[in-house]
Amino acid sequence: MSVTTATDTAAADRAAAGTSSQARLTARHVSKAFWVEGEQDPTIALQNVSLTIDEGEFVCIVGPSGCGKTTFLNLVAGLLPYDEGSIEISGKRVNGPGRDRAVVFQQSRLLPWRTTFDNVLYGMQLHRRFSEAEMQKRAQDYIDLVGLHGSERRHPAQLSGGMQQRVNLARALATDPEILLMDEPFAALDAQTREFMQAELLRIWQEAGKTVMFVTHQIDEAIFLADRVFVFGTRPGRLRAEFEVPFERPRRLSIKRSPEFLALTDQIWSLIEEEASRAGFMQPAPAESRS
Ligand SMILES: Nc1ncnc2c1ncn2[C@@H]1O[C@H](COP(=O)(O)OP(=O)(O)O)[C@@H](O)[C@H]1O
Ligand SMILES: [Mg+2]
């Protein structure tokens, strides 16, 4: 696969990241329970989850609501402690947040009083890893990469939802994390913008060469984006299955209409439907009525 349009900064980051052959993320037997005051039993949000994500890989986690997707992402991000097991990023145990990880949430979490440019600077300013001149250059390069050239002086309120998520993405990438964690980042966007952002994210990912863990409940989004899809189940939240996605890259949105894509969607959907009915959310539907 050849990438010809990368900015210097993205290309340099990509080259530097490509030097280790270690798994980027290793989770071993991870469990997490929540105790809620007034409730007899804890909620087992995650039970015995083991998985690895390779350097440069794009992995999606899908599953019905409440299966522990966000909890897992928060454990990896170091925003919550795990009860059992271990999580390592490039061989280093996660013990809280760190600058080796960057998170993009559903809400764009931009500072409303800062411009696009200053919002992208913000993550790097917190980390204090780059010099002032480097920060300026990286901010501009990643703004260009996400397609926001010309909107540097705008404030978040002057940007569409899709543009706000682009700022968020630029901010995360500019910090040069070892892994990018995304939790339903396009869920608040309208359907058309969402599709467009999926294609854009793949383009940006190929240029930036980052390892990505992307959480979504939308199956077609997961398949379109990922090298591998992990399907989580509910009650207790756990890893149910793992699918390799066979489609070549670069991918076009039109592959979503191909028979192979629809067959894989159906396979994952059956599993999720099973999980949702186990959890009492829905009755299983006859196979031919699935869409
Ligand atoms: N802070 C919390 N306190 C108590 N229960 C929680 C908390 N966060 C999540 N849970 C519970 O853990 C389970 C998994 O939640 P979550 O990770 O948000 O699922 P998902 O992102 O897959 O929808 C759910 O049953 C949820 O109610
Ligand atoms: Mg969630």
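What you see is a predicted model; the values in this text were computed from it and never measured.

**Regarding the layout of surface pockets**
Counted as a void, the largest pocket has a volume near 550 Å³. What lines the largest pocket is a set of 20 residues, and nearest its centre among them are R101, A102, V103, F105 and L126. Only β6 (101–104), α3 (116–127) and α5 (161–174) provide two or more residues apiece to the lining of the largest pocket. For the lining of the largest pocket, the residue count by class is 11 nonpolar, 6 polar and 3 charged.

**With respect to the environment of M124**
Along the polypeptide, M124 turns up in helix α3. The class for M124 is buried, based on a relative accessible area of 1%. Once the C-alpha coordinates of M124 and E134 are considered, the two residues, 10 residues apart in sequence, prove to be 9.8 Å apart. Excluding its chain neighbours within four sequence positions, the residues that come into contact with M124 are R129, F130, M135, R138, A139, A174 and T175.

**Here's the deal with the site of ligand 1**
Every residue near ligand 1 is listed here: F34, V36, T43, A45, P64, S65, G66, C67, G68, K69, T70 and T71. One of the backbone N or O atoms of C67 is found 3.2 Å from an oxygen atom in ligand 1. Within the backbone of G68, a nitrogen or oxygen atom sits 3.1 Å from an oxygen atom of ligand 1. Isolated, ligand 1 exposes 560 Å² of accessible area, and the fraction of that covered by the protein chains is 61%. Among the secondary structure elements, those contributing two or more residues to the shell around ligand 1 are β2 (43–54) and α2 (69–77). Tallying contributions element by element places α2 first for the shell around ligand 1, with 3 residues. Grouping the constituent residues of the shell around ligand 1 by class yields 5 nonpolar, 6 polar and 1 charged.

The rules behind these values
Residues numbered from 1 in each chain as written. Chains lettered and ligands numbered in written order. Predicted model: local features only at pLDDT ≥ 70, side-chain atom pairs only at ≥ 80, totals over all residues. Heavy atoms only, no water. 1 Å grid on protein atoms, 1.4 Å probe; cavity = no way out; pocket = protein on both sides within 12 Å on 5 of 7 lines; lining within 4 Å. Points joined across faces, edges and corners; volume = space filled by probe spheres on them. Helix = DSSP H or I, 4+ residues; strand = E, 2+ residues; numbered from the N terminus. Nonpolar A, V, L, I, M, F, W, Y, C, P; charged D, E, K, R; others polar. Buried < 20%, exposed > 50% of the residue type's maximum accessible area, 1.4 Å probe, protein only. Contact = heavy atoms within 4.5 Å. Near = heavy atom within 4 Å. Polar contact = N/O pair within 3.5 Å; in protein donor to acceptor, adjacent residues only side chain to side chain. Areas by Shrake-Rupley, 256 points an atom, 1.4 Å probe, with all protein chains shown as cover.

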